[in-house]
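Observations on the model geometry
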Amino acid sequence: MRTYGGAVSLATVSRTDRAVDQRLTFQEREKEKIATLAAGLVKDGSTIMINGGTTTLALARNLRQHRDLTVATNNLLVPGALPPTAVRDIYIFGGAVRSLTLATVGPVSFRANTGAELDVSCDLALIGVGAVDADAGYTTSNLAEAAMMQEMLSRATRVAILADSSKFGRRLFAQVSELGVADYLVTDRMPAPELRDALAANEVELVVPATPPRPREARG
């Protein structure tokens, strides 16, 4: 990160939320790598949930080879980024809008005309997080977003966590989940041995550019 008179390591910088327009150009090349790999986990005709963030926005743009997808998201930029040929239906989760991230925060649910809550689920949740740590698991900086991400994970048959390597070895304010909740961690390069060993112990498959994604059945 550039500063007046030089630069400081990102490891020493407080990881507060940045506005979407600032994050769009941060780690841009890494996010594109992650998006391409994550798209390989999505099956045609499936239902997916995508949370807020610029890595998941890049994923949405990379679904152009897919067809007949049902997409549910709290990311207000995703509907415009999804290739029209890829989707059958798009749903936006309601709630309060965080102008900083252009994402809604609220319940992961929809209501029928009668007012009854409709149960929803998905084949794959693709969740971008703010930090990944061997002990803390997956964390983010905002409490309300963490709660919403937790609910998305609980409604998914399979879970893919998306995080670039700048987020390794960090812990932010609110825990989203422990490492083992995910089936995949999609990232731009291999993490350090401590985190890599912790992921392996929790049966999380690392998906990196040198390792093509292999869709698998959900754990029982």
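Preceding block: the structure.
Since the model is a prediction, treat every value here as computed from it, not as a measurement.

1. Remarks on the overall build of the protein chain
The secondary structure content of the protein chain amounts to six helices and 16 strands. Counting across all 220 residues of the protein chain, residues that qualify as buried make up 50%. Expressed as a percentage of contacts within the protein chain between residues at least 6 apart in sequence, the contacts between residues at least 24 apart total 59%. Total accessible area on the protein chain is roughly 10600 Å²; 51% of this is exposed by carbon and sulfur atoms.

2. Brief notes about the packing of helix α2 (residues 28-39) against helix α3 (residues 54-61)
Contact pair α2 / α3: the axes reach a minimum separation of 8 Å and the direction vectors enclose 55°. Relative to α3, the element α2 lies oblique. Crossing of α2 over α3 shows right-handed handedness. Of the residues in α3, those touching α2 at Lys31, Glu32, Ile34, Ala35, Ala38 and Ala39 are Thr54, Thr55, Ala58, Leu59 and Arg61.

3. Considering the nonpolar core
Residues Val132, Tyr138 and Leu185 are the most contacted members of the largest nonpolar core, which totals 31 residues. In terms of residues, this core owes the most to one element, helix α5 (residues 143-154), which gives five residues. Excluding its chain neighbours within four sequence positions, the residues that come into contact with Val132 are Gly137, Tyr138, Ala163, Lys167, Phe168, Gly169, Arg170, Leu179, Leu185 and Leu195. Ranked by size, the runner-up nonpolar core spans 28 residues in total, among them Leu57, Leu63, Leu69 and Leu162.

4. Focus on the side chain of Thr101
If you trace the backbone, Thr101 turns up in the loop between β6 (96-98) and β7 (103-105). Note on Thr101: relative accessible area 7%, which makes it buried. At 3.1 Å, the side chain of Thr101 and the side chain of Glu145 are in polar contact.

What counts and how
Residues numbered from 1 in each chain as written. Predicted model: local features only at pLDDT ≥ 70, side-chain atom pairs only at ≥ 80, totals over all residues. Heavy atoms only, no water. Helix = DSSP H or I, 4+ residues; strand = E, 2+ residues; numbered from the N terminus. Buried < 20%, exposed > 50% of the residue type's maximum accessible area, 1.4 Å probe, protein only. Contact = heavy atoms within 4.5 Å. Areas by Shrake-Rupley, 256 points an atom, 1.4 Å probe, with all protein chains shown as cover. Axes fitted to C-alpha atoms, helices over the stretch in contact; angles between N-to-C directions. Parallel < 35°, antiparallel > 145°, perpendicular 65-115°, else oblique. Left-handed = near helix turned anticlockwise from the far one by under 90°. Core = buried A, V, L, I, M, F, W, Y, C linked by side-chain atoms within 4.5 Å. Polar contact = N/O pair within 3.5 Å; in protein donor to acceptor, adjacent residues only side chain to side chain.

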